[in-house]
Amino acid sequence: MSATITEEAVPEQAEAEPLLRITDLSIDYRGRRRSWTPAVDGVSVEVKPGEVVTLVGESGSGKTTLIQGALGLLPPSARIRSGSIAYSGVDVTGWPDQRLARVRGNYVGFIPQDPNTSLNPVKRIGQQVVEAVRFNEPEPTDKDRHRSAALESLRTAGLTDAERVFNQYPHELSGGMKQRALIAIALAGKPQIIVADEPTSALDVTVQRVILDHLESLREQLGIGILLVTHDLGVALDRSDRILVMQGGRIVEEGPVRELLAAPGNDYSRRLLDAAPARHAGRLKPTPGVDRSPAPAAGEVLRATSLTKTYAVRKGRSHTSFQALAGVDLTVRTGTTHAIVGESGAGKSTLAGILAGFAAADGGSVLLGGREITGLNHARLRELRRDLQFVFQNPYTSLDPRYTVGRIIAEPLKSFKVAANRAELTARVSELLRAVSLDDSYLNRLPAQLSGGQRQRVAIARALALNPKVLVLDEAVSALDVSVQAQILQLLVDLQAELGLSYVFVTHDLGVVRLIADDVTVMKDGRVVESGPAHQVLNAPHHDYTRTLLDAIPGTHVRSSAA
C-alpha cells in the first residue's frame, strides 16, 4: 500500500508511529436543553500496520461515536471535548471536513454497517466505485483509467465477476455482494487502514465468515491495519490481535485475545464472554425457581407435509419463477423447540409465514393440533391466532411507535374480547409484563423509549396474550446485542418450562440453535437437507452444508496468532 496522507491531508507515515492513535478522546452530545452528555470519555486506541484491533461492546457503549469522531463524521449535535486523533503521527483533531475527507479517502477506508442504506439505490455499483476512485485521484485522469481502477477494486474486494457487478444496481446483489461492494469503495483510495463498523452484523454466519476472511487476506497481503467494531465477542475472538472492551463510553479492558479469553479482568467482559453462543456446550436450562408446567403429553402440535411455494420474478420485460419451497416436511413435537436453520434464500421465512397463515402454499398441508389450516378463510385464520402467534425479527419495526407498551399488549386481549372488564384487562397486561421480566413502570412508555431487548420482550408479551400453544419466532434475536440475545433466549426457555409452549425458531445461526433447540431442520435452496434431534444434527451432521454452518459459528476459531 503506497497511500500516504499528503500536504492536503497528513505527511508520510513515520516508521515508529501507529497508523491511528486516539489519545484520551472525549465526545459529548447536546441534549434537548442544550446540556452536554458524555458519550465517549477518555478513550485511547492504537492500530499498527498489519494489526487487527477490535472494539467490543453493546449498543450504547460508545463504539460508533468513537470511530465517527476519529473519521470526522460526528453529527452537528456532537463535539470533541478533549483528546487527540493522529494518523501517522499527525494530529488531525479539529481539521475542517474538506481536509478530513481526503484522509478518509486516500489513507483510511471506512466500511459502514448496513449496505442497504450505504449504497445509492439508483446508481450502478460501478458508478459508485468510480466516484470513490475519482475522488481519491490527486490529478485528473481519463475515464478508462477510472473504470479499470474501479474494476480492480471490485476484484480486490473478492467480487470475481467484477464486470457484471460493475453494471448492476444494489438491489440486484445479495447481502454479501453488497458488503463486498462497500469494501471495494473503501479500497478505492488504496488506504493503509480500514475502519469497519459492524460490517457483518446483518449477514448470515457463512457470508459473515467469507467477508471477514477476505478482510483478513487484505491484512496479510497488503499490510493494512484494521479497526473492527462489533458487539459480537465471538467475531472478535476469531479475528483480533487485540480486543478493547467498551462500556458506558470507556475502555474497561484491553489486551491480546488469548489473555482476555483466559482471564478476563472485568465483570462486563466476563458477561460478554458468557453470552457468546460458541462458549456454551449444551442447551440452556430453565432458571432455578421457575415454576414448571406438567410435562406435555407426547405427540405433535404442528405438522407440515410436502409444502411447495413458487414466486414469479420479473427480470426486465421477461418473467421467470423462483421455487422458495420444494416439498418441505416438518414436525414440531408438543412442548419442544424446533429450529429451522439456513442462509438467506433457504426458504426459512417463507416456511414460517405459511405455518403462521401469513402466506398460502401452492401445495401441501399444515396441521395445527391435528386441524388442517391451509386454505382457511380470513375469519378462520383469525381464530388460528388463539393457538399460534408470531414474533418478528426486528423489535424496532414490529411495534406500533404511536402506542404505549400497555396498549400494545392489550390489543389482542381487546380484539378477542378475552378480558371481561377494564380491571381484568389491566391485571392481565401486568401479568404478561411480569412474565417477560418487566414491571408496570413500562406500561406508559413508547417503543422509542425502550432498548432493543426491552422491545423484544414486549413483542413476546403481546404474543403470549392469548395463551397460544405455538410461537413462531422468525430470527427473533438476530437484531440484538449478544448479551441481550442471551437474556431473551433464557426468557424463552423459562417461558417454555412454565407454560408448556412449543416453539418454531427460525435462525441462520447454529450457535443459537445449540442453546435452545430440541430438534433441527436444516434448509438450503427451498429444500430440507437434514433434520433430526438437535444433539444428532449438531454433533454428528450428515450433510456437508450443515457442517459448513457449524464451522461458521463465531467464536469457534480463536486467532492462533494471538499472543
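So, here's what we can say about the structure. This is a predicted model, so every value here is computed, not measured.

### Comments concerning the overall build of the chain
When helices and strands are counted, the chain shows 20 helices and 20 strands. Over its C-alpha atoms, taken along the principal directions, the chain stretches across nearly 75 × 55 × 45 Å. Expressed as a percentage of the 563 residues in the chain, the buried residues total 53%. Put simply, 71% of the contacts in the chain that link residues at least 6 apart link residues at least 24 apart. Put simply, the chain shows about 25000 Å² of open surface, and 48% of that area lies on carbon and sulfur atoms.

### Focus on helix H14 (residues 405-415)
Within the sequence span of H14, burial applies to Val405, Gly406, Ile408, Ile409, Ala410, Pro412 and Leu413. For H14, the secondary structure elements touched by its buried residues are helix H15 (422-435) and helix H16 (452-464). Following H14 by one or two positions, Lys417 has its phi on the positive side, about 50 degrees.

### Focus on the environment of Val52
Mapped onto the secondary structure, Val52 falls in strand E3 (residues 52-56). Given a relative accessible area of 3%, Val52 falls into the buried group. For Val52 and Ala461, which are 409 residues apart along the polypeptide, the C-alpha to C-alpha distance reads 41 Å.

### Here we look at helix H1 (residues 63-71)
Of all nine residues in H1, seven are buried; the element is thus mostly enclosed. Looking at H1, one finds that the buried residues are Lys63, Thr65, Leu66, Ile67, Gly69, Ala70 and Leu71. One or two steps after H1, the chain reaches Gly72, where phi turns positive at roughly 70 degrees.

### Some points on the sheet that holds strand E1 (residues 20-30)
Pairing within the open sheet is antiparallel, and its four strands lie in the order E2-E1-E4-E5. Edge strands, defined here as strands with exactly one partner in the open sheet, are strand E2 (36-47) and strand E5 (90-91). Looking at chain direction, E1 and strand E4 (residues 78-87) are connected through eight bridges and run antiparallel. Looking at the pairing, Asp28 lines up with Arg79 of E4. Each of E1, E2 and E4 touches H1; the most contacted strand, E1, lies at about 110 degrees to it.

### Overview of the pairing of strand E19 (residues 519-524)
When a strand is regular, its side chains alternate between the sheet's two faces. Summarising burial for E19: five of the six residues are buried, a large majority. Alignment of E19 against strand E20 (residues 527-533), held across six bridges, turns out to be antiparallel. Within E20, the position partnered with Asp519 by the bridge is Pro533.

### Here's the deal with the pattern of salt bridges
In total, this model carries 27 salt bridges according to the counting rule given. Close ionic contact of Asp551 with Arg209 constitutes a salt bridge, the shortest N to O distance being 2.3 Å. Linking Asp551 in helix H20 (residues 544-551) with Arg209 in helix H8 (residues 205-222), this pair joins segments that are 342 residues apart in sequence. Assessed through its relative accessible area of 28%, Arg209 is described here as partly exposed. Through salt bridges that share partners, Arg209, Asp213, Arg239 and Asp551 make up one connected network.

### Here we look at the environment of Ala517
Here Ala517 lies in the loop between helix H18 (510-516) and E19. Separated by 16 residues in the primary sequence, Ala517 and Pro533 place their C-alpha atoms 8.5 Å from one another. Here Ala517 is in contact with Arg283, Thr337, Ala339 and Ala534, once residues within four sequence places are set aside.

### Quick notes on the side chain of Arg219
Among the secondary structure elements, Arg219 is positioned in helix H8. Judged by relative accessible area, Arg219 falls into the buried class, the value being 13%.

### Side note on the nonpolar core
In this structure, Ile409, Val458, Ile460, Leu473, Leu489, Leu492 and Phe505 are the most contacted members of the largest nonpolar core, which totals 43 residues. Contributions of two or more residues to this core are made by H14, H15, H16, strand E17 (470-474), helix H17 (482-499), strand E18 (502-507) and H18. Per element, the largest residue contribution to this core is seven residues, and it comes from H17. Not counting residues within four places of it along the chain, the set of residues in contact with Leu473 comprises Val391, Leu492, Tyr503, Val504, Phe505 and Val506. Of all hydrophobic cores here, the second largest spans 35 residues; its members include Ala132, Ala188, Ile211 and Ile224.

### Brief notes about the environment of Leu244
Its place among the elements puts Leu244 in strand E9 (residues 242-247). Among the residues examined, Leu244 registers a relative accessible area of 1% and is labelled buried. Considered as a pair, Leu244 and Glu58 are 186 residues apart in the sequence and their alpha carbons are 12 Å apart. If sequence neighbours within four positions are ignored, Leu244 has contacts with Ser44, Val45, Val53, Thr54, Leu55, Val56, Ile251, Glu253 and Glu254.

### Here we look at the sheet that holds strand E10 (residues 250-256)
Sheet strands associate in pairs through backbone hydrogen bonding, adopting either a parallel or an antiparallel arrangement. In space, the six strands of this open sheet follow the order E6-E7-E8-E3-E9-E10, with mixed pairing throughout. Strands at the two margins of the open sheet, each flanked by one partner only, are strand E6 (108-111) and E10. Averaged over all pairs of adjacent strands, the angle between strand axes in this sheet comes to 15 degrees, irrespective of strand direction. Pairing of E3 with E9, which is carried by four bridges, proceeds in the parallel orientation. Each bridged residue has a counterpart across the sheet, and for Leu55 the counterpart in E9 is Leu244. With respect to the sheet, helix H7 (residues 175-187) is in contact with E6 and strand E7 (193-197), its orientation differing from that of E6 by roughly 160 degrees.

Calculation notes
- Counting restarts for each chain: residues are numbered from 1 in the order of the written sequence.
- With the structure being a predicted model, the display of local features is reserved for residues of pLDDT at least 70 and the display and counting of side-chain atom pairs for 80 or more, all residues being used for whole-chain, interface and lining totals.
- Hydrogens are left out, water is left out, and the side-chain values use all remaining heavy atoms of the structure.
- The way it works is that DSSP assigns letters per residue, a run of H or I at least four long becomes a helix, a run of E at least two long becomes a strand, and they are numbered from the N terminus.
- Under the scheme applied here, a residue whose accessible area is under 20% of the maximum for its type counts as buried, over 50% as exposed, and between as partly exposed, the area being computed with a 1.4 Å probe on protein chains only.
- The criterion used for residue contact is that any of the two residues' heavy atoms lie within 4.5 Å.
- For every accessible area listed, the method is Shrake-Rupley and the probe measures 1.4 Å; residues are considered covered only by the protein chains on display.
- Note: two strands are recorded as paired if DSSP finds a minimum of 2 bridges between them.
- Note on definitions: angles span 0 to 180 degrees between N-to-C directions of axes, and those axes are lines fitted to C-alpha atoms, for helices only across the stretch in contact.
- What makes a salt bridge here is a side-chain nitrogen of Lys or Arg within 4 Å of a carboxyl oxygen of Asp or Glu, nothing more.
- The term nonpolar core refers to a set of buried residues drawn from Ala, Val, Leu, Ile, Met, Phe, Trp, Tyr and Cys, joined through side-chain atoms within 4.5 Å.

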